[in-house]
Amino acid sequence: MKKFKINSIILFLILLIFISNNLFSQITGSIKGVVRDSASGEMLPFVSIQVLGTKLGTVTNNNGLYLLKGIPKGYQSIQASAVGYKKITKKILIEKDEIQTLNFNLPSEAVELQSVTKIADRIIENYSTNISLQKISIEDMKNIPSVLEKDIFRALRSVPGISTTGDVTSQFFVRGGKGDQNLIVYDNMIIFNPFHALGLFSIFDAEAIKSSEIYTGGFDPEFGGKLSSVINITTKDGNRNRYGGKVSLGTLSTSASFEGPLPGGSFYLSGRKSVFNSILKKLLKKDVPLSFYDISGKATLDMGETGKISLNSFFSGDNLDASKPTDPEFKWRTSAIGVNLQSIFSQVLITTNFSYSDFSLEEKKKEKTSSSGINNFQFFIKFEYLFPNNDLISAGFSASVPETDLDYKNSYNIPIIFYSRLSEKNFWIKYKFSQINNLVIEAGLRNNLNNYENKDHYNLEPRVNIKYQILHDLSLKASFTRMHQMLVSTINEDDIVPLFESFVSVGKYNPERADQFVAGVDFNLFSRINVVLQAYQKKMKNLLGYNINRKSKDESDFSSGYGSSKGFETLIRFDYDIINGWLSYNYNWTKTTIDVYTFFPRYDKRHSLSIISGIKLPYNINFNINWEFSTGMPFTPIIGIFEKNNYENIPLDPYYNNYTEHYLFGEKNSKRLLNYHRLDIGFEKRIIFENLPSCDVSLNFINLYDRKNIFYFDKNTLEKVYMIPFMVTFSISLIF
């Protein structure tokens with residue numbers, strides 16, 4: 001009887017959706033199209049498309065495509081607007097049951113920034129259910145004074161829910177999750193290690209990024225394989241109208257980019273190479289013979305009026321030479337290549353990707369060369385169909401074959417050899433329902449089928465996002481997501497700056513799992529201030545860590561445990577004529593149990609605050625401010641020192657020291673470092689010369705008041721090691 005009632009309800013809902021869509025289709029038509037920058041021809045993401053005089057509207061996707069249905073037949077005025085661009089309105093005759101193409105080319109116009117921002121944000125908010133999603137643009141990154149390079153990952157420090165463990169590394173942790181629980185997607189290609197050596201900054205050129213989406217919760221069903229976050233990066237296609245480029249010289253590296261038109265498309269090339277090491281010596285307090293490079297390329301061709309196909313490639317490498325004969329040498333390599341296709345066929349938006357990506361590391365010592373690597377082939381396809389009433393259904397399939405290899409001898413001289421090949425198949429479906437006034441419900445399901453050594457793991461992941469709009473500028477949001485993870489890193493989270501990293505499959509065990517609940521409220525103050533308040537709770541189980549430093553071959557390969565995290569987050573964005581920026585505050589509480597030990601992980605910061613602002617000064621000078629504060633990170637105290645005989649059962653030599661000192665540690669992570677805070681400021685100006693390339697100049701003052709923030713205690717010297725001291729960085733660029 002109960003099963004009959006459930007089936008009856010499902011049948012009724014399907015019938016209701018069919019009837020409402022059929023009614024809409026009888027009296028309405030549709031439009032589709034592409035929105036571009038009029039100067040460069042670049043497809044513009046997140047542009048609002050509005051039918052004037054109605055509540056109908058939508059937003060272009062990451063590649064500038066849009067599809068809007070349910071438009072009343074007859075002449076309609078369609079307006080496209082975006083931050084920093086002039087609004088364009090076109091009149092079109094809407095025919096019953098027809099889909100017409102309507103493209104826009106938007107000229108830039110900074111004077112309309114405020115009005116466009118207000119309209120665009122309102123239209124996006126009316127239809128969006130996304131919670132715990134932040135978008136970071138190149139303009140946002142320019143508001144942050146750069147320590148070494150303009151970097152998307154260092155900008156993440158200011159995103160609610162994200163924490164770091166120091167100034168040196170840009171490694172980040174999301175809502176109590178480990179560092180290997182973040183999915184990095186670069187033009188639909190999976191990147192396994194997105195950091196340069198020592199985690200100094202990301203391997204991505206900030207100037208090549210067109211849009212970036214940071215999910216810390218409320219994940220879309222198309223994303224999976226990681227527990228804590230998704231960083232979805234889309235790069236520029238290149239200028240379709242003219243050739244141009246940029247050459248930059250900074251404190252650490254030099255970079256160059258070149259772009260221009262192709263027959264029926266465009267291309268974008270960029271590269272970066274290290275040139276100076278003196279700044280690293282000041283940053284790391286020792287000589288670091290490090291060199292690195294990045295090379296990326298993208299070629300895009302049109303497919304009809306509303307489609308494109310692109311070839312993407314990315315290569316990055318680091319070399320860390322030995323500063324002393326006894327030191328090891330390291331080599332890191334990351335590469336990715338892929339083909340992306342996106343187009344609107346009839347009434348369905350189709351996105352397809354085929355890609356290959358890998359990461360390898362080699363450590364050379366006199367007596368042994370250790371290595372690790374991971375490579376992956378991936379196929380991905382997604383279908384999106386918009387009903388006449390603007391409900392949306394999407395479904396997709398992905399298949400990948402990550403292969404890992406580890407050959408390592410640890411500090412106890414135990415050889416660690418591990419090979420794994422994992423087969424992953426994923427299917428997902430999502431429906432966005434918006435037919436009840438002020439209510440939008442997005443429900444989805446992801447089905448994971450993983451095979452390791454002929455053993456299947458079958459996992460279902462429900463995803464639900466709900467938004468209820470109480471008032472015009474006030475809405476409530478909530479979400480539930482379940483995520484699983486089969487690949488883990490060998491890095492120990494207690495390592496200060498880890499050098500050797502490998503990825504291994506946990507196929508012999510149940511995958512890691514996280515369930516996350518999020519609830520929040522969004523509202524606007526005085527039309528130019530947006531406030532987001534969110535609370536979350538995350539439960540993690542089957543947490544697995546690879547025991548790479550085991551003392552004998554008989555010890556288990558993996559340690560297992562569970563954890564939980566909860567917190568409250570605030571984000572306040574403001575945007576006025578001469579000043580803009582944001583303030584974020586996090587309260588976070590994370591606890592982990594591994595085997596028999598329960599402790600606060602090193603990245604557990606109880607309170608953190610970030611204030612970022614850009615101010616327009618006279619003479620077209622931009623003044624940027626970034627102030628950060630956080631309470632101290634946990635650490636394990638030394639409670640005693642004792643001596644141990646090095647040669648047991650051997651008679652002692654009174655003239656030779658037979659003992660070495662050993663430390664007695666207290667309860668794991670039971671103490672906390674002092675509070676952290678730092679102020680950075682920067683100045684930027686573009687100098688324009690007639691008939692010559694223009695010039696961008698940037699000057700940054702890092703840790704302005706020279707705060708001595710403790711990085712860690714050196715147990716060998718019992719001295720405090722501090723983070724970034726006061727330092728000055730610069731960059732100069734020529735744009736042609």
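Residues numbered from 1 in each chain as written. Predicted model: local features only at pLDDT ≥ 70, side-chain atom pairs only at ≥ 80, totals over all residues. Heavy atoms only, no water.

A. Local environment of the overall build of the protein. Within the protein one finds five helices and 47 strands. The 736 residues of the protein split such that 53% are buried. At a minimum sequence separation of 6, the contacts of the protein that also span at least 24 residues come to 63%. Approximately 33200 Å² of the protein is accessible, and the part contributed by carbon and sulfur atoms is 59%. (Helix = DSSP H or I, 4+ residues; strand = E, 2+ residues; numbered from the N terminus. Buried < 20%, exposed > 50% of the residue type's maximum accessible area, 1.4 Å probe, protein only. Contact = heavy atoms within 4.5 Å. Areas by Shrake-Rupley, 256 points an atom, 1.4 Å probe, with all protein chains shown as cover.)

B. Inspection of the nonpolar core at higher detail. Ranked by size, the top nonpolar core spans 40 residues in total, and within it W332, F359, L406, I416, V504, Y546 and F558 carry the most contacts. Core analysis: the next-biggest nonpolar cluster, separate from the first, contains 30 residues, I144, F172, A336 and V532 among them. (Core = buried A, V, L, I, M, F, W, Y, C linked by side-chain atoms within 4.5 Å.)

C. Structural view of the pairing of strand β33 (residues 529-546). Bridge analysis of strand β32 (residues 512-525) against β33 gives 13 bridges, and the strand direction is antiparallel. Paired with G520 across the strands is Q534, a residue of β33. Following β32, the chain reverses through three residues before pairing antiparallel with β33; F526 in that reversal takes a positive phi of roughly 55°. Relative to strand β34 (residues 558-575), β33 runs antiparallel, the two being bridged by 16 bridges. Considered in β34, the bridge of Y546 is made with F558. (Pairing = 2+ DSSP bridges.)

D. Inspection of unusual backbone geometry at higher detail. Despite not being glycine, S132 has its phi angle at roughly 60°, a positive value. As for its position among the elements, S132 is in the loop between α2 (113-127) and β9 (133-135).

E. Representation of the sheet that holds strand β12 (residues 182-186) in the model. If you walk across this open sheet you meet the five strands as β9-β14-β15-β12-β13, and the pairing is mixed. Either end of the sheet is taken by a strand with one partner, and the two such strands are β9 and β13 (189-190). Direction of pairing for β9 relative to strand β14 (residues 209-215): antiparallel, over a ladder of three bridges. Residue L133 lies in a different strand from β14, and its bridge partner there is Y215.

F. Structural context of the side chain of H196. Tracing the sequence through the fold places H196 in the loop between β13 and β14. On the accessibility criterion, H196 (4% relative accessible area) is buried. One polar contact links H196 to D294, side chain to side chain, over a distance of 2.9 Å. H196 has contacts with F201, S202, I203, R272, F292, Y293, D294, S316, G317 and D318, leaving out every residue within four places of it along the chain. (Polar contact = N/O pair within 3.5 Å; in protein donor to acceptor, adjacent residues only side chain to side chain.)

G. Quick peek at the pattern of salt bridges. In total, this model carries 28 salt bridges according to the counting rule given. D220 serves as the salt-bridge partner of K430, at 2.7 Å between the closest nitrogen and oxygen. With a gap of 210 residues between them, K430 in strand β26 (residues 415-436) and D220 in the loop between β14 and β15 (229-235) connect regions that are remote in the sequence. The class for K430 is buried, based on a relative accessible area of 10%. The salt bridge involving K382 is made with E222; its shortest N-O contact spans 2.8 Å. Here the residue K382 occupies a position in strand β23 (residues 369-386), and E222 occupies one in the loop between β14 and β15, the gap between them amounting to 160 residues. Just as K382 is buried, E222 falls in that class too. (Salt bridge = Lys/Arg side-chain N within 4 Å of Asp/Glu carboxyl O.)

H. Representation of the sheet that holds strand β5 (residues 74-81) within the structure. A sheet is described by the order of its strands in space; here four strands give the open sequence β3-β2-β5-β6, paired in antiparallel fashion. Looking at strand neighbours, the two that pair on one side only are β3 (57-59) and β6 (88-94), the edges of this open sheet. Direction aside, neighbouring strands of the sheet carry axes that sit 20° apart on average. The sheet contact formed by strand β2 (residues 48-51) and β3 spans three bridges and is antiparallel. Note that in β3 the partner of Q50 across the bridge is G57. (Axes fitted to C-alpha atoms, helices over the stretch in contact; angles between N-to-C directions.)

I. Quick look at the packing of aromatic side chains. A full pass over the atoms with the stated rule returns 23 aromatic pairs. Ring centres of Y215 and F223 lie 5.6 Å apart, and the angle between their planes is 50°; on these two criteria the pair is classed as tilted. The same class applies to Y215 and to F223, which are both buried. Between the aromatic rings of F258 and F267, the centroid separation amounts to 5.6 Å while the plane-to-plane angle is 55°, which identifies the pairing as tilted. With a relative accessible area of 36%, F258 lands in the partly exposed category. An aromatic cluster is defined as three or more aromatic residues linked by ring pairs; in this entry it consists of F153, F172, Y186, F195, F204 and F314. The side chain of R175 reaches across the aromatic face of Y536, ending 4.7 Å from its centre. (Phe/Tyr/Trp six-rings, centres within 6.5 Å; stacked < 30°, edge-to-face > 60°. Lys NZ or Arg CZ within 6 Å of the ring centre and 35° of its normal.)

J. Region of interest: the side chain of K308. For K308, the position within the fold is in strand β20 (residues 307-320). Take K308: its relative accessible area is 5%, and that puts it in the buried class. At a separation of 2.9 Å, a polar atom in the side chain of K308 contacts the side chain of D237.

K. Quick look at the pairing of strand β18 (residues 265-274). Of all 10 residues that make up β18, seven are buried, and the element is covered over most of its length. Two strands pair when backbone bridges link them, and strand β17 (residues 253-262) and β18 are joined in this way by 10 bridges, in the antiparallel orientation. In the sheet register, S255 faces β18, and the bridge partner there is R272. Where β17 folds back onto β18 in an antiparallel hairpin, the turn is made up of two residues, including G264, whose phi is positive at roughly 80°. Sheet topology note: the β18/strand β19 (residues 290-302) ladder contains nine bridges and is antiparallel. Residue Y268 lies in a different strand from β19, and its bridge partner there is K298.

L. Representation of the environment of P194 in the model. Looking at the element boundaries, P194 is found in the loop between β13 and β14. In this structure the C-alpha to C-alpha distance between P194 and F204, which are 10 residues apart in sequence, comes to 7.6 Å. Ignoring sequence-local partners within four residues, the contact set of P194 consists of F153, I184, F201, S202, I203 and F204.

M. Highlighting the confidence of the model for the protein. Mean pLDDT over the protein works out to 84, with 89% of the residues at or above the 70 mark. For residues 1-6, every residue scores under 50 in pLDDT, and the model assigns this stretch zero contacts once sequence neighbours within four places are set aside. For the stretch residues 111-123, pLDDT sits under 50, and the model shows 28 contacts to residues farther than four places along the chain or on other chains. (pLDDT = per-residue confidence, 0-100.)

N. How the structure looks around the environment of S610. Within the secondary structure, S610 sits in strand β37 (residues 607-617). Looking at S610, the relative accessible area reads 5%, which means it is buried. Counting along the chain gives 39 residues from S610 to L571, while the straight-line C-alpha distance between them is 9.6 Å. In this view, S610 contacts S158, W582, L583, S584, N626, W627 and E628; residues no more than four positions away in its chain are not counted.

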